[in-house]
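For reference, the chains in residue letters:
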Amino acid sequence: MSTHSLTCMTLEMRGPVAVVGLHRPDKRNAINDTMIEEIHSVFSAPPKEARVIVLYGHGPHFSAGLDLSEHRDRDAFEVMMHSQEWHRAFHQVQMGGLPVVSALKGAVVGGGLELATSSHVRVAEPSTFYALPEGQRGIFVGGGGSVRIARIIGSGRMTEMMLTGHAYNAQEGQAMGLSHYLVEEGQALSKALELAERIAGNAPLSVYAAINALPRIADMAHGEGLYMESLTAALVQTSGEAKERMRDFLEKRAPKAGS
Ligand code: 1HE
């Protein structure tokens, strides 16, 4: 089990799945400095037996973003350092080595959206809404949103969200790619757990390549991307587990695609 001592988060194991909860429901899971440190620590060193992480928010909201009460009096250098802390923490979420499935509901706003878009698979409930109130608050994104959110919805749409503060609902978010699954109210966590169990059954090297190689290839030029794809395929497909799984399929012991 984990040795993390957590005050703003919860962590429990369910089989191969580490279930991580943002736990400041009274503050709508606003992300303060302690929570960022804890996100960094949990995602840098998840429990050894974990194969997948599920991330959710306690209470009716996923996260109200940056804890504005801690942010009011920071100078430029402090904001720069703070933003880079967030980058390090969310990098661990995205590239820490384990796939992350997030369960979204209520507010997924500002830094909450930056955190959600660091996860790999996103499941939303109808109560979910997405907004970037940075313009209204007189600030800018600082948790990687200008890269990760813009890659998903386009920088044009992200600019619009920051300028207008308009909140997109769960259906709109699903159409924009902010969520991958839209389930009934109260069902996001159980769907996330179901998907996590399924992902946990995949070959670890294949999963690792998907979460680490794909976003890097997306940042490369065409030719370099294709070359990196071939190198990654050469590594993953020649593993013992890949050979075994392909044989299982050919000898009709493995499930068909889509089942
Ligand atoms: C907070 C925060 C917060 C709630 N920082 N304390 N984020 C925002 O601009 C979103 C601000 N929050 C809201 O718009 C609303 O709280 C919600 C729509 C999310 C939820 O509304 P509601 O009616 O359920 O809750 P509430 O009454 O507004 O808030 C409950 C408490 O949480 C209250 O504190 P209390 O002591 O009066 O009980 C709120 O002050 C507190 N609270 N959200 C601090 N965000 C790295 S850069 C990232 C940049 C950003 O993330 S910008 C977006 C900031």
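Bear in mind the structure is a predicted one, so any value in this text is a computation, not a measurement.

A. Inspection of helix 9 (residues 204–218) at higher detail. End to end, helix 9 covers 21 Å across 15 residues, agreeing with the expected 21 Å (1.5 Å per residue, within 8%). Turning to helix 9, its buried residues are Val207, Ala209, Ile211, Asn212 and Ala213. Contacts made by the buried residues of helix 9 are with helix 2 (76–95), helix 8 (188–200) and helix 10 (222–237).

B. Fine view of the sheet that holds strand 6 (residues 121–124). Across the sheet, six strands lie side by side as 1-2-3-4-6-9; this open sheet has mixed pairing. Both outer strands of the open sheet, strand 1 (9–14) and strand 9 (181–182), are each paired with one neighbouring strand and no more. Of the pairings in the sheet, the one linking strand 4 (residues 100–104) to strand 6 comprises four bridges and is parallel in character. Bridged to Ala103 within strand 6 is Val123. Running at roughly 175° to strand 2 (residues 17–22), helix 1 (residues 33–44) makes contact with strand 1, strand 2, strand 3 (52–57) and strand 4 of the sheet. Helix 8 rests against strand 1, strand 2, strand 3, strand 4, strand 6 and strand 9 of the sheet, and its axis sits at about 170° to strand 3.

C. Molecular detail of the packing of helix 2 against helix 9. Closest axis-to-axis distance for the helix 2/helix 9 pair is 9 Å, and the angle between their directions is 115°. In contact with His91, Gln94 and Met95 of helix 2, helix 9 contributes Ile211, Asn212, Pro215 and Arg216. Residues of the contact of helix 2 with helix 9, tallied by class, amount to three nonpolar, three polar and one charged.

D. How the structure looks around the side chain of Ser179. Here Ser179 lies in the loop between helix 7 (170–176) and strand 9. A polar atom in the side chain of Ser179 sits 2.5 Å from the side chain of Gln174. The residues touching Ser179, leaving out its near neighbours within four places in the chain, are Arg122, Ala124, Tyr130, Gly173 and Gln174.

Basis of the calculations
- Along each chain, residue indices are assigned from 1 in the same order as the chain's sequence is written.
- Only residues with pLDDT of at least 70 are given local features in this predicted model, and only at 80 or more are side-chain atom pairs given and counted; all residues enter the totals for whole chains, interfaces and linings.
- Note: side-chain values were computed over all heavy atoms of the structure, leaving out hydrogens and water.
- Per the convention used, a helix needs a DSSP run of H or I reaching at least four residues, while a strand needs a run of E reaching at least two, with both numbered from the N terminus.
- Helix span, as expected, comes to 1.5 Å for every residue beyond the first.
- For the exposure calls, accessible area comes from a 1.4 Å probe over protein chains only, and a residue counts as buried if that area is under 20% of its type's maximum, exposed if over 50%, partly exposed in between.
- By definition in these notes, contact holds between two residues if any of their heavy atoms fall within 4.5 Å.
- Only strands that DSSP links by at least two bridges are regarded as paired with each other.
- Here an angle of 0 to 180 degrees is reported between the N-to-C directions of two axes, which are lines fitted to C-alpha atoms, with helices fitted over the stretch in contact.
- When residues are sorted by character, Ala, Val, Leu, Ile, Met, Phe, Trp, Tyr, Cys and Pro go into the nonpolar class, Asp, Glu, Lys and Arg into the charged class, and all the rest, Gly among them, into the polar class.
- Polar contact is defined as a pair of N or O atoms within 3.5 Å, subject to the rule that within protein one atom must be able to donate a hydrogen and the other to accept it, and that residues adjacent in sequence are counted only when both atoms are side-chain atoms.

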